[in-house]
Amino acid sequence: MKKTVITLTAAVLSAIMSFAQEQASSSGPAPARDTLKVMTYNLRFGELASMADIAGFISSETPDIVALQECDWATYRERAPKQNGVRFINELAYRTGMFGLYGKSIDYKQGYYGIGILSRYPVVRSERIRLPDCNGMEGKKQTEPRIMLLAEIELPSGRHVTFVCTHLEVSSSEVRVMQSQFINERLEDISPALIAGDFNATPDSPAIAEIQKKWKNLTGPDFTISSDNPVKKIDYIFGKPQGQVEMLSTRTFTDVRLSDHRPIISTVIF
Amino acid sequence: MRLKEYMTAILLVGSITAGCQGNVTPDNGDGNGNGETPDGQPSIPDIPEETDERNVFTVDFFTDLRDDRSYFADRDHDMAVNHIKSQSGNLPAAYLFDRSDFVTGQPNPMVLIAYETGYHPFFVQTEKTSETATKGTGIVTAYSVSDFDSAIPAGMAFMSGITIPVQLSTIQNTGIYTTTLDSTEQFEGIASLWTGKRLNDGVTVGKIESGIKDDVADMAAARYPTLRLFMAGIEETDYDLFVLCPAAFACRNFEVWGNEGLPCYRVYFEKLF
């Protein structure tokens, strides 16, 4: 028994020394890391709350970057008359003091319907990228055009992070997988990066499996829809490179009823 | 608008424009407007005397032509909102607001202007991001923007811009970029982006430190003959108006615009081909 303990101790010491030598041989200081508080929230075109209420909630959580889905731009919907003519991202940016970026998915009800990003830091580059679908293909289901909105943000550390907001197809699993594959390929060379939004897919779905080939989940397992009677999780924040990005904390808000979705906020380091 | 300033500006643009038209040969027919001088130097075609009004667009550049304080330090953003809302007819493709600095945690002036006009806001930083405040130029436009590009070339000149579908004789995707130049190295960086075709087809509108204007003009003539450079100064300012574009565009004119409290330069561009 004594001999076994000595052998084990020697092995552990050897491993520690080997690790220390490895660390010492890697020259220079440890790479800088940044911490960000990231939120995602599907607003359900403002049917259930005012922009003032939503902005108040966002401000109270002091996120650095927010991904927002189902954002109208000067539409006139019968189902959300109090939001008629409102440009969601402009008003939320105005009320939160953050910078806003809007991406149109479709023309809708005299305005646009799409997604947006709020950022505490300047956006140095952005791009609205159309996601693939089967529209126009014979025998395939026609679906609503979808996009991802990409914002490259320069942080005070001088490092850049690419933040992407998206809202995947709702009714076709086949299209969602296609969109996930496209996201992986299109953002293959971009790192570090975070992608957040409504993926319309549960954690065990093929679309999420596809995303997780390249991205690390930075949210918990809590259900996100519906807000008052949650039955599944379809909202996420992912990050890459998978080996570098880590989730320090996450919270799915169970007591916020400003939409049919529950918002998520995660503090991440990369 | 002070007449003296207006006349100075127009005269300067006139003389610089005329100067840019020397030493050029006709288009070589490659569709890019590029030709070649007898000594083998690339060149670009003259700007036609006649303006095709169908292909003219404007950019409003709000600036003090200084760099010592925010444009909105002593001005209310409502003045800019009123200016934008009062426009009619052929509207400017974009409004640029020099030194609309980004102060973390406070509403950016572009956000306020965008909120009240319904336009889309963008921010072009002209220095590295800081924890508290970052210098930069704001852009607002009525167009839904697909791309907002940035570039940080040699010399650490920041240049960014939007690409928007401008209504000319046909709808043309046009890049509208802005920058602030304090050194000839920064100009080289910006110019090489254009000659390297790393930007969308379009124009740069910004400001240049007055002391380097002559050196930049010499450098442009010697090393970047396929670009069109326009600069114009206003008395008693530290910076001059700066316009740089590829051969397909011409700066036709600019006016000192706005009112006493809101200095603005309206730049007229023509898409030539």
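Before going into details, it helps to say that this report is about the structure given with it. If you're wondering where the values come from, they're calculated on a predicted model, not measured in any experiment.

### Some remarks on the side chain of threonine 219 of chain A
Residue and element names in this part refer to chain A. Of note, threonine 219 is situated in the loop between β9 (216–217) and β10 (235–240). In this structure the side chain of threonine 219 is engaged in a polar contact, spanning 2.7 Å, whose partner is the side chain of asparagine 217. Within the local environment of threonine 219, its side chain forms a polar contact with the side chain of lysine 233, the two groups lying 2.9 Å apart. Each residue touching threonine 219, except ones within four places of it in the same chain, is listed here: Lys233, Asp235, Tyr236, Ile237, Met247, Thr250, Ile264 and Ser266.

### Observations concerning the packing of aromatic side chains
A complete count under the given rule lists 23 aromatic pairs over all chains for this structure. Arranged with centres 5.0 Å apart and planes meeting at 90°, the rings of phenylalanine 57 of chain A and phenylalanine 253 of chain A form a pair that is edge-to-face. In this pair, phenylalanine 57 of chain A sits in helix α2 (residues 51–61) while phenylalanine 253 of chain A sits in the loop between β11 (246–252) and β12 (264–269), placing the two residues 196 residues apart along the sequence. Phenylalanine 253 of chain A shares its class with phenylalanine 57 of chain A; the two are buried. Members of the aromatic cluster, joined through ring pairs, are Phe62, Tyr71, Phe72 and Phe97 of chain B. Lying over the aromatic face of tyrosine 236 of chain A, lysine 233 of chain A brings its terminal NZ or CZ to 4.6 Å of the ring centre. Between the NZ or CZ atom of arginine 75 of chain B and the centre of the ring of tyrosine 71 of chain B, over which it lies, the distance is 4.2 Å.

### A look at the pattern of salt bridges
Side chains bearing opposite charge may pair, as long as their charged atoms lie close to each other. In the structure shown here, the tally under the stated rule is 34 salt bridges over all chains. Ionic pairing is found between glutamate 78 of chain A and lysine 109 of chain A, a salt bridge with its closest N-O pair at 3.2 Å. Remark: lysine 109 of chain A occurs in the loop between β3 (99–108) and β4 (111–119) and glutamate 78 of chain A occurs in the loop between β2 (65–73) and α3 (88–96); sequence separation between them is 31 residues. You can call glutamate 78 of chain A exposed: its relative accessible area is 63%. You can call lysine 109 of chain A partly exposed: its relative accessible area is 33%. Here arginine 99 of chain B makes a salt bridge to aspartate 101 of chain B, at a shortest N to O gap of 2.6 Å. On the accessibility criterion, arginine 99 of chain B (8% relative accessible area) is buried. Taking relative accessible area as the criterion, aspartate 101 of chain B reaches 14% and is therefore assigned buried. Shared partners join several salt bridges into a network, and the residues in it are Asp67, Asp98, Arg99, Asp101, Lys135 and Lys207 of chain B.

### Structural notes on the sheet that holds strand β15 (residues 249–257) of chain B
Residues and elements named next belong to chain B. Pairing in this open sheet of 6 strands is mixed, and the strands run β6-β8-β4-β3-β16-β15 from one edge to the other. Both outer strands of the open sheet, β6 (120–125) and β15, are each paired with one neighbouring strand and no more. Direction aside, the axes of adjacent strands within the sheet are offset by 20° on average. The sheet contact formed by strand β3 (residues 56–62) and strand β16 (residues 264–271) spans 7 bridges and is antiparallel. Considered in β16, the bridge of threonine 58 is made with tyrosine 268.

Cut-offs applied
- Residues numbered from 1 in each chain as written.
- Chains lettered and ligands numbered in written order.
- Predicted model: local features only at pLDDT ≥ 70, side-chain atom pairs only at ≥ 80, totals over all residues.
- Heavy atoms only, no water.
- Helix = DSSP H or I, 4+ residues; strand = E, 2+ residues; numbered from the N terminus.
- Polar contact = N/O pair within 3.5 Å; in protein donor to acceptor, adjacent residues only side chain to side chain.
- Contact = heavy atoms within 4.5 Å.
- Phe/Tyr/Trp six-rings, centres within 6.5 Å; stacked < 30°, edge-to-face > 60°.
- Buried < 20%, exposed > 50% of the residue type's maximum accessible area, 1.4 Å probe, protein only.
- Lys NZ or Arg CZ within 6 Å of the ring centre and 35° of its normal.
- Salt bridge = Lys/Arg side-chain N within 4 Å of Asp/Glu carboxyl O.
- Pairing = 2+ DSSP bridges.
- Axes fitted to C-alpha atoms, helices over the stretch in contact; angles between N-to-C directions.

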